Amino acid sequence: KAINLGYNNADLYNDLALIYIEQNELEKAITQLKISISKSNTYLPAYKNLVNLLIKQNDILNAIDFCNQALKLKKDLELTKILSKCYIKTNNKDQAIEILESLLKNDFQTIETYTDLIKLYLETKNYNLALEKIEKGLLKYPTNMDLKIKKMEVFYYQENYKLIRTFYESMLIKNIEN
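Residues numbered from 1 in each chain as written. Predicted model: local features only at pLDDT ≥ 70, side-chain atom pairs only at ≥ 80, totals over all residues. Heavy atoms only, no water.

A. Up close: the packing of aromatic side chains. A complete count under the given rule lists five aromatic pairs for this structure. Seen in terms of ring centroids, Y114 and Y141 are 6.4 Å apart; in terms of plane orientation they differ by 80 degrees. Their pairing is edge-to-face. Placement of the pair is Y114 in helix α7 (residues 111-123) and Y141 in the loop between α8 (127-140) and α9 (145-157), with a sequence separation of 27 residues. On the basis of relative accessible area, Y114 is assigned to the buried category, the value being 4%. Ring centres of F167 and Y168 lie 5.3 Å apart, and the angle between their planes is 70 degrees; this geometry places the pair in the edge-to-face category. (Phe/Tyr/Trp six-rings, centres within 6.5 Å; stacked < 30°, edge-to-face > 60°. Helix = DSSP H or I, 4+ residues; strand = E, 2+ residues; numbered from the N terminus. Buried < 20%, exposed > 50% of the residue type's maximum accessible area, 1.4 Å probe, protein only.)

Okay, here's the thing in structure tokens:
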């Protein structure tokens, strides 16, 4: 009702969009989110909701556009991560790598960032950079088994079977001792 009266609050349009999403009226939700953004172009919740809805509809290119619009106005870690995942979905691995590298440089060194970046380096057969990121990740997360397994994966691709064998033997010894 407040919207019909001309109330100029981005929150209301965003909230109405969420109701439309719950009722599976996605086109109406998209319209309300775009109105919310037009009322306040720095209102990140509307951008996030719109981007997530576009991804859900597999409209990745528009999701990328709205992510970029929002990030030009205001830096946001969540939108940056979403943007990197969108680039991965569109097979734009170079853009995704650039974003993930910037996250690591700006102290967003989560295990997810490391593993996403390592996966991309493995897919692009850049084993030396994958190994470099694994080593840096292990400095921050020394007990993370996913990183250790990725390291073995790099050794496998490099056909360094001796290091793989040494790793597995050391793991077996640790299991026996525990």
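Still more ground to cover, so stick around.
B. Spotlight on the packing of helix α2 (residues 26-39) against helix α3 (residues 44-56). Interhelical geometry of α2 versus α3 gives an angle of 150 degrees and a closest axis separation of 9 Å. Our classification of the angle between α2 and α3 gives roughly antiparallel. Note on packing geometry: the crossing formed by α2 with α3 is left-handed. For the pair α2 and α3, the contacting residues are L26, A29, I30, L33, K34, S36 and I37 in the first and A46, Y47, N49, L50, L53 and L54 in the second. Along the lines of polarity and charge, the residues of the contact of α2 with α3 split into 10 nonpolar, two polar and one charged. (Axes fitted to C-alpha atoms, helices over the stretch in contact; angles between N-to-C directions. Parallel < 35°, antiparallel > 145°, perpendicular 65-115°, else oblique. Left-handed = near helix turned anticlockwise from the far one by under 90°. Contact = heavy atoms within 4.5 Å. Nonpolar A, V, L, I, M, F, W, Y, C, P; charged D, E, K, R; others polar.)

C. Broad picture of the packing of helix α4 (residues 60-73) against helix α5 (residues 77-89). Where α4 meets α5, the closest approach of the two axes is 10 Å, and the angle between their N-to-C directions is 150 degrees. As summarised for this structure, α4 and α5 are arranged roughly antiparallel, according to the angle between their axes. In terms of crossing hand, the pair formed by α4 and α5 is left-handed. Across the interface between the two elements, I60, A63, I64, C67, N68, A70 and L71 of α4 pack against L79, T80, I82, L83, C86, Y87 and K89 of α5.

D. Representation of the pattern of salt bridges. Going through the model one piece at a time under the given rule, you end up with 13 salt bridges. Here E101 ties to K133 by a salt bridge, and the two come within 3.0 Å at their closest N and O atoms. Here K133 lies in helix α8 and E101 lies in helix α6 (residues 93-105), a separation of 32 residues in the sequence. Of the residues examined, E101 reaches a relative accessible area of 13% and is grouped as buried. Overall, the relative accessible area of 6% leaves K133 in the buried class. Taken together, the shared-partner salt bridges connect K81, K85, E112 and D116 into one network. (Salt bridge = Lys/Arg side-chain N within 4 Å of Asp/Glu carboxyl O.)

Function cannot be inferred from these measures alone, as they are strictly geometric.
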